[in-house]
Structures are given as C-alpha cells and as structure tokens.
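Fold and contact review
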Amino acid sequence: MKIFITKTGVPCIILNHGKRMIHTPSIKYIEGDGNYSNINVANGDSLTSSFTLRLFSEQLKANSDFFSPRKGLLVNLNFVKEVLTKSGALFARLETGETLPLSRRKGRALIEYINDNELSIEIREAIK
C-alpha cells in the first residue's frame, strides 16, 4: 500500500501492486477483520485488503479527516452526519444512513474532538 497526492492535490491509496487507486476523501470507513481490512467507499463499493487496519490507521493519521472511534474502525469524519447517544451507548450516523456503534471512551473522545475543532457534526440524544 502506498499513499500519494495526485497532481490535483487529492490524496490517494494505491492497492494491489498499483492496480487499484482509491481517493482517500471517498473512503467512508475502514473496518478491521483480523489480518484484513474492509474498505467502504462512497459509491457503495466495499473492498477487502490484506493490509491491517493498523497500517491504514498509521498511513491516514496524517489526514486529519480520519478518526478511530472504537477498536476495529477508522471513520472519515467528512461522512459523519451526527453522533447519537442512546441509553449510554454512542453511535455515529453517516450521511448514507449507516449507523456505526462507538465505544464509550473513544466515542467521548470523538465528541470532544468534534467540539474542539468546531466540526459541523450534530451531537444529540437518540429518540426511541
């Protein structure tokens, strides 16, 4: 896996020995699955990579749009519409309607990050 910036200034990930290029702004989230990672892209595609989530996390940390709100998940904050709290549990709802569970500790850290950086992500109590 390699990360580079295109001539237009868009960061990209190169997978499969240069056969597959993914623009990092189009990645909704990456979920770890053992020694593999499932990459979910904005156009609805889901790709499986033999690289671990840790490697993706290390490579994408330079891009401040990514945050790890629980073990096994790396989410692009540009796709997060709101953070919901429901009976003490935390969830991130994406613009695509998907809901991802968050851990209590890292979920609170995400809320602090949103508040500190004044991101336009709504934080609210979920209605039954």
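Remember, predicted model here, so these are calculated numbers, not experimental data. (Residues numbered from 1 in each chain as written. Predicted model: local features only at pLDDT ≥ 70, side-chain atom pairs only at ≥ 80, totals over all residues. Heavy atoms only, no water.)

Relative to the assigned elements, R70 resides in strand β7 (residues 66–70). A distance of 3.2 Å separates the side chain of R70 from the side chain of E31, its partner in a polar contact. Once you skip the residues sitting within four places of it in the chain, R70 turns out to touch E31, P101, L102, S103 and K106. (Helix = DSSP H or I, 4+ residues; strand = E, 2+ residues; numbered from the N terminus. Polar contact = N/O pair within 3.5 Å; in protein donor to acceptor, adjacent residues only side chain to side chain. Contact = heavy atoms within 4.5 Å.)

This part is about unusual backbone geometry. In this structure, S87 is a non-glycine residue whose phi angle is positive, near 55 degrees. Relative to the helices and strands, S87 resides in the loop between β9 (80–86) and β10 (89–94). S87 gets classed as exposed once you look at its relative accessible area, which sits at 77%. (Buried < 20%, exposed > 50% of the residue type's maximum accessible area, 1.4 Å probe, protein only.)

Here the focus is the sheet that holds strand β11 (residues 99–102). Note on sheets: strands pair through backbone hydrogen bonds, and any given pair is parallel or antiparallel. Read across the open sheet, the four strands follow the order β11-β10-β9-β12; overall the sheet is mixed. Where the open sheet ends on each side, the last strands, each with one partner, are β11 and β12 (122–125). Sheet twist, expressed as the average angle between the axes of neighbouring strands with direction ignored, equals 25 degrees. Each of β9, β10, β11 and β12 touches helix α2 (residues 104–116); the most contacted strand, β10, lies at about 55 degrees to it. (Pairing = 2+ DSSP bridges. Axes fitted to C-alpha atoms, helices over the stretch in contact; angles between N-to-C directions.)

None of the figures reported here should be taken as evidence of function without further support.
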